[in-house]
Amino acid sequence: MGEYCDNAKKSLIMWRALTELAPTLAMTRGRGEVGEGMVESALAAVGEMQSLGISPSELSAVCLDEEIQSDKRLYSKLCDLSSIYSLYKDILNERYADTGDDADMMIKKLRENPDFLSDTEIFVEGFTSFTEPQYRLIALLATRTSVSVALNLPKGREDAFEYSEIADCQA
């Protein structure tokens, strides 16, 4: 595990991945030109996959589904994203750690060390939502120790969209 990568470095790594893949991607139509907008879109898509807990290999497996393959537009977008996500992560992991992988790394370490944190009380406070990997981490922690999660709803904003996930949680 290396140092964390800042946004500028992530953009350069994504640019490199897109440039290498450009001749084979449907989204570039074989052109080698990679612009800033394409880099930003690809980073956003990779970030969304990570927050949903979808790995590059899982995304690649989806591309093998016959129903997905029957929709050519969806299939080409998913295959492009799978290739981009996979190469981006490979290049990034050569030198840097990714904050998007922290929850999964913690889950792995906890599974390797079943007694770690078993005598600790854990408090999580101040979030408006959690990613899927974070949900998995909280669930694993809750199997071995006391976990308290405090979710704050500002007065007068209880019905705001950004708090809808919290409002739907079971207390």
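Residues numbered from 1 in each chain as written. Predicted model: local features only at pLDDT ≥ 70, side-chain atom pairs only at ≥ 80, totals over all residues. Heavy atoms only, no water.

## Section: the pattern of salt bridges
This structure, assessed with the given rule, holds 6 salt bridges. Here Glu-20 ties to Arg-16 by a salt bridge, and the two come within 2.9 Å at their closest N and O atoms. Here Glu-20 pairs with Arg-16, and both are found in helix H1 (residues 7-21), just 4 residues apart, close to one helical turn. Given the relative accessible area of 45%, Glu-20 is considered partly exposed. Taking the shortest distance from any N to any O, the salt bridge between Asp-101 and Lys-89 comes out at 2.6 Å. With a gap of 12 residues between them, Asp-101 in the loop between strand E2 (96-97) and helix H6 (102-112) and Lys-89 in helix H5 (residues 72-95) connect regions that are remote in the sequence. Through salt bridges with shared partners, a single ionic network connects Lys-10, Lys-89, Asp-98 and Asp-101. (Salt bridge = Lys/Arg side-chain N within 4 Å of Asp/Glu carboxyl O. Helix = DSSP H or I, 4+ residues; strand = E, 2+ residues; numbered from the N terminus. Buried < 20%, exposed > 50% of the residue type's maximum accessible area, 1.4 Å probe, protein only.)

## Considerations on the nonpolar core
Ile-13, Met-14, Leu-18, Ile-84 and Tyr-88 are the most contacted members of the largest nonpolar core, which totals 26 residues. Of all the secondary structure elements, the ones that give two or more residues to this core are H1, helix H2 (36-51) and H5. Element by element, the count of residues in this core is highest for H5, at 8 residues. Membership of the second largest hydrophobic core comes to 11 residues, among which are Ile-122, Leu-137, Leu-140 and Leu-141. (Core = buried A, V, L, I, M, F, W, Y, C linked by side-chain atoms within 4.5 Å.)

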